[in-house]
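# An overview of the molecular structure
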Amino acid sequence: MEFIDLAAQQARIKGKIDLRIEGVLKHGSYIMGQEVKELEGTLAAYAGVKFGIGCASGTDALLISLMAFGVGPGDAIFTTPFTFIATAEVISLLGATPVFVDIDPKTFNIDPVQLRQAIEAVGHNDASFYKLPRPAVLMADSRPGLTPKGIICVDLFGLPAKYDSIDGVARDHNLFVIEDAAQSFGAEYKGKKACSLANIACTSFFPAKPLGCYGDGGMCFTNDQNLAKVIRSIGVHGKGNHKYDNIRIGINGRLDTLQAAILMAKMDIFPEEMERRQQVAKRYADLINVFQVQEIPEEVRSAWAQYSLLAKDENQRSLLMDKLKKAGIPTAIYYPKPLHLQAAFAGLRYKRGDFPISEDIASRIFSLPMHPYLSANDQERIVRTLKDGRNQELMEGSRK
């Protein structure tokens, strides 16, 4: 059994992929070829925004977006500690400071109430309002503290964050919002598609994503024409009117033509695959009734990049994952250590206990196989094995 079955998908569309690749090989425009422009238009239309700008990866999409807003030293960018490192890594790369905000225990996404508290704490340079990175507080005696600048919301596991509430907080404090939609392309929030829910949205085409290429790739989305122009310039070495006209500092963040061609072939079946993901998720929900799962609010549709459960504790998680492994069923943990406890962010001097919900979820969460081609029989076997493992754990516990 595969955790994500890319081979089944490829078997369906191999002919289309081969034709698309052959077309690129024929015209030879491997950098910024016509397929890139075609993909940008197709995905922007799908998401319901005016502009899509291809990038070399989802990480580059986030980095370029922050650069487009002029983020730099002294700026505070608010985000969740329960995500992949790329979300916060790009903040630090620009010399800005990630300010972490704990998550909602039901959705696992950033908590808008705590977000407001964290912004006010930075604004007053007062950690009694909310847990802040220690350097921000230490600055108070010698120089001004951090300046609240923006928010990066993560649509974790394909579930859009609470953008109505987050947008209200952002407006109250004059902050920009970036939607980290690396896992949520294809999701919906109150009638709007993911990648249309913030000033800029960023997605990833890493192969395991709901829409993935055969390498690295990403895209920025926006309705702001000026932002789109700046994003496109930054992604091509700060390009101005021509290749050797460099009007700003940029990066080499272009999407490869071959990857764009592959993604166009995959888009032919993407809406159908998104429906299949809903069916797979519903089957899991119908079968699994003894474990807490990510809560999907009304009027929100997840892209189901992952299907995750919460065990009772870390010991039960280990037992269940071992039981599944012995049955030939793969599992994964997203994410075993929250970002505030990662060595890469040790300089922020956060400590264990600062974000208790993220720490608790990280100690208990694990993910099951999830993809559009997962059969009902396989799902029944997965859940049967899970329940057998839980019953075994209960019996062992009763004998102690």
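The text that follows walks through the structure, step by step, so that each part is easy to find. This is a predicted model, so every value here is computed, not measured. Counting restarts for each chain: residues are numbered from 1 in the order of the written sequence. Where local features are concerned, this predicted model is filtered to residues with pLDDT of at least 70; where side-chain atom pairs are given and counted, the filter is 80 or more; whole-chain, interface and lining totals use all residues. As a convention, hydrogens and water are excluded, and side-chain values are obtained from all of the structure's heavy atoms.

### Side note on the packing of aromatic side chains
Two rings from Phe, Tyr or Trp (for Trp, the six-membered ring) form a pair when their centres are within 6.5 Å of each other. A pair whose planes differ by under 30 degrees is stacked, one over 60 is edge-to-face, and the rest are tilted. Applying the stated criterion across every chain, the model contains 18 aromatic pairs. Both rings, one in Phe100 and one in Phe355, keep their centres 6.5 Å apart while their planes meet at 85 degrees; by these two values the pair is edge-to-face. Residue Phe100 is found in strand β3 (residues 97-100), and its partner Phe355 is found in the loop between α11 (314-326) and α12 (356-364); the two are separated by 255 residues along the sequence. By relative accessible area, which is 0% here, Phe100 ends up buried. With a centroid separation of 6.4 Å and an interplanar angle of 70 degrees, the aromatic rings of Phe157 and Tyr334 are classed as edge-to-face. Residue Phe157 is found in the loop between β4 (147-154) and α7 (163-173), and its partner Tyr334 is found in the loop between α11 and α12; the two are separated by 177 residues along the sequence. The helix count covers DSSP runs of H or I at least four residues long, the strand count covers runs of E at least two residues long, and both are numbered beginning at the N terminus. Each residue is assigned to one of three classes by its accessible area relative to the maximum for its type, calculated with a 1.4 Å probe on protein chains only: buried under 20%, partly exposed between the two thresholds, exposed over 50%.

### Observations concerning the sheet that holds strand β6 (residues 188-189)
Within the open sheet, the three strands sit side by side as β7-β6-β11. Their pairing is antiparallel. What marks the edges here is a single partner per strand, and that holds for β7 (192-193) and β11 (300-301). Two strands qualify as a pair provided that DSSP identifies no fewer than 2 bridges between them.

### Thoughts on the pattern of salt bridges
Salt bridges are counted wherever a side-chain nitrogen of Lys or Arg sits within 4 Å of a carboxyl oxygen of Asp or Glu. What the rule picks out here adds up to 18 salt bridges. The partner of Lys326 in a salt bridge is Asp322, and the shortest N-O contact between them spans 3.2 Å. With Lys326 and Asp322 both in helix α11, this residue pair falls four residues apart, about one helical turn. Residue classification places Asp322 among the partly exposed positions, given a relative accessible area of 35%. Arg364 is paired through a salt bridge with Asp360; the nearest N and O atoms lie 2.8 Å apart. Here Arg364 and its partner Asp360 are both found in helix α12, four residues apart, which amounts to about one turn of the helix. On the basis of relative accessible area, Asp360 is assigned to the partly exposed category, the value being 34%. One network of salt bridges, with partners in common, ties together Glu188, Lys193, Glu275 and Arg301.

### Brief notes about a nonpolar patch on the surface
A contiguous nonpolar surface patch, about 450 Å² in accessible area, is contributed by Leu25, Tyr30, Ile31, Met32 and Leu258. Position of Met32 relative to the elements: it lies in the loop between α1 (6-27) and α2 (34-47). Put simply, a patch holds well-exposed residues, over 30% relative accessible area, that have no salt bridge, with like charges counted together within 9 Å and Val, Leu, Ile, Met, Phe, Trp or Tyr side chains within 5 Å. Using the Shrake-Rupley algorithm and a 1.4 Å probe, accessible areas are obtained, with residue cover drawn only from the displayed protein chains.

### A closer look at the state of the cysteines
Here, two cysteine sulfur atoms that lie within 2.5 Å of each other are counted as a disulfide. A complete count under the given rule lists zero disulfides for this structure. No disulfide involves Cys55; its sulfur sits 3.7 Å from that of Cys220, the nearest cysteine. There is no disulfide at Cys202, and the cysteine sulfur nearest it, in Cys220, is 4.3 Å away.

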